[in-house]
Structures are given as C-alpha cells and as structure tokens.
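# Architecture and fold: a report
Letter by letter, the chains look like this.
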Amino acid sequence: MLLAREFVDYITRQTIRKLSPQWLETTDLQVAAEFMAAIIEEDLAVEDQLNDEVRELLSQYSEYMRKESVSYQDMFRRIKNTLITQRKVIRASGRDSGDSMKLSRDKINDISHKLVASFRKAREFRQKKDPNDVRLEIVKSMTELLAMEEKVDRAARTKIRSQKKDIPEGTEEWDLLLRRYYAEELKKFGIDLNR
C-alpha cells in the first residue's frame, strides 16, 4: 500500500481528534478512527490491485517486450495508465501526478467525499456542520499530516544518500535502510511502525 497502515491509523486518529466535537460528534473516538482507516485502506487498495493486475498482464508479454526492446517500466506505465483511464480510477500516487506528497490532491479529495458520505450513513456519527465544511476540514487535516510524512520520507532518503558507500535506489539494501530510517523519523512524531 502507498501509505503504511500504521501511518493511516495515525492520520485517522489525528483527523478524528481535530473534527470532534466541533465538526463531528461520535460516541467513541477509537471506533471512529478505525472506521475512517478502513475506508482509506479500502480506497488505496484499489490501486494496489490494479498494480497486481498489470504485473500479471506483463508476465504474459515478457517475450514480446524482450523482442521489441521495450522496458518493463515503460510497459507497466502504459498499461496502468490505460486501465486507470478505462476504469476511471483516481490515481493515488501524488508523485505520479506532480504532487510532492505521497497521495495526490485528487485522491485526498476523493477520500474526503467518501468519508463524509460514510459518516452520513453510519449511526455512530453526527455531522454538526455542513457536510462540505466537514469534508474541507478532513482535506486540510490530511494534507497537513501528509506534508509532515513527506518531510519524514525526505529525511530518511537523505540519511541513505549521506552514507559513505553509494547505495543505489531500488536495491534490497536501499529498501531495508529506507524502512529503518523512515521508522526512526516517524518515531520522532510518536508513530511506531514496529508495533
């Protein structure tokens, strides 16, 4: 998934704290955060499933790609873009759409619409203000938290690049160090990925 589940949990806990009780009334903040996390994770899983589908398709065309000298990354991008267009999926990755954060602005807006619609249907919630105002507050909160996450990610990548030894991005060593440094940086904000 694009965001670690622990970070999604952190986002939802912080967002519910900001919304309650001024914007949104709920009986249990923890249940509300879990409710939000489930919606966000389900929405982000759509693109993960799409990526898996593209990988499966590409495995069938490996011989063609080798003969035509087409790179795996180019074919992956082409097929994924085609499927996204056909299925009208909102691209989750902000970096793919030019945003600096991990989630695109369009995806944050889409998630906020789904959350507000779900709040309306659920008995555990009562919106105390106009639904669009609640939605905009969710967007604001998520954007602030994702901007913080971007700084954490950038700091972790800087630590890797500052090593004496050159570690190429995408290697197993890079991925291992990125996970470790990312977790260390998140701990500074009270988020423990090892739980």
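This is a predicted model, so every value here is computed, not measured. (Residues numbered from 1 in each chain as written. Predicted model: local features only at pLDDT ≥ 70, side-chain atom pairs only at ≥ 80, totals over all residues. Heavy atoms only, no water.)

## Some points on the overall build of the protein
Selection criterion: For the purposes of this entry, the term helix denotes a DSSP run of H or I that reaches at least four residues, the term strand denotes a run of E that reaches at least two, and both are numbered from the N terminus. Relative accessibility under 20% of the residue-type maximum defines a buried residue, over 50% an exposed one, and the middle range a partly exposed one, all with a 1.4 Å probe and only protein chains included.
For the protein, the helix and strand inventory stands at seven helices and two strands. The secondary structure elements of the protein, listed N-terminal to C-terminal, are α-β-α-α-α-α-β-α-α. For the protein, the spread of C-alpha atoms along the principal axes amounts to about 60 × 45 × 25 Å. Counting every position in the protein, which comprises 195 residues, the buried fraction comes to 43%.

## Some points on the pattern of salt bridges
Let me state the cut-off plainly: Any Lys or Arg side-chain nitrogen found within 4 Å of a carboxyl oxygen on Asp or Glu counts as a salt bridge.
Applying the stated criterion across every chain yields a total of 19 salt bridges. The residue Arg157 makes a salt bridge to Asp153 at a minimum N-O spacing of 2.9 Å. In this pair, Arg157 and Asp153 both sit in helix H6 (residues 131-161), four residues apart, roughly one turn of the helix. On the basis of relative accessible area, Arg157 is assigned to the buried category, the value being 19%. For Asp153, a relative accessible area of 3% gives the class buried. Each of Lys159, Arg180, Glu184, Glu185 and Lys188 takes part in one network of salt bridges that share partners.

## Examining the nonpolar core
Quick reminder of the rule: Take the buried residues of types Ala, Val, Leu, Ile, Met, Phe, Trp, Tyr and Cys, join any two whose side-chain atoms come within 4.5 Å, and each joined set is a nonpolar core. Contact criterion: two residues are considered in contact whenever any of their non-hydrogen atoms come within 4.5 Å of each other.
In terms of nonpolar packing, the biggest core is built from 43 residues, with Leu3, Phe7, Leu103, Ile138 and Met142 touching the most fellow members. Broken down by secondary-structure element, the contributors of at least two residues to this core are helix H1 (5-19), helix H2 (29-60), helix H5 (105-121), H6 and helix H7 (172-187). At ten residues, H6 tops the list of elements feeding residues into this core. Excluding residues within four positions of it along the chain, Ile138 makes contact with Thr15, Leu19, Ser112, Leu115, Val116 and Phe119.

## Topic: the environment of Lys107
So the rule is basically this: Pairs of N or O atoms within 3.5 Å make up the polar contacts considered here, provided that, within protein, one atom can donate a hydrogen while the other can accept it, and that residues adjacent in sequence are counted only when both atoms are side-chain atoms.
Position of Lys107 among the secondary structure elements: in helix H5. Residues Lys107 and Tyr64, 43 residues apart in the sequence, show an inter-C-alpha distance of 34 Å. In contact with Lys107, not counting residues within four places along its chain, are Asp43, Leu44, Ile90, Arg91 and Ala92. A distance of 2.8 Å separates a polar atom in the side chain of Lys107 from a polar atom in the side chain of Asp43.

## Regarding the confidence of the model for the protein
Inclusion rule: The score called pLDDT rates the predictor's confidence residue by residue, from a low of 0 to a high of 100.
Of the residues in the protein, 94% reach a pLDDT of 70 or more, and the chain-wide mean stands at 83. Here helix H3 (residues 62-68) is the element of the protein with the lowest mean pLDDT, 80, and H5 is the one with the highest, 90.

## Examining H5
What counts here: For a helix, the expected span equals 1.5 Å multiplied by the number of residues minus one.
Taking 1.5 Å per residue, 17 residues should reach 24 Å; H5 reaches 25 Å between its end C-alpha atoms and fits that length. Taken together, the buried positions of H5 are occupied by Lys107, Ile108, Asp110, Ile111, Ser112, Leu115, Val116, Ser118 and Phe119. Where H5 is buried, its residues meet strand E1 (24-26), H2, strand E2 (125-127) and H6.

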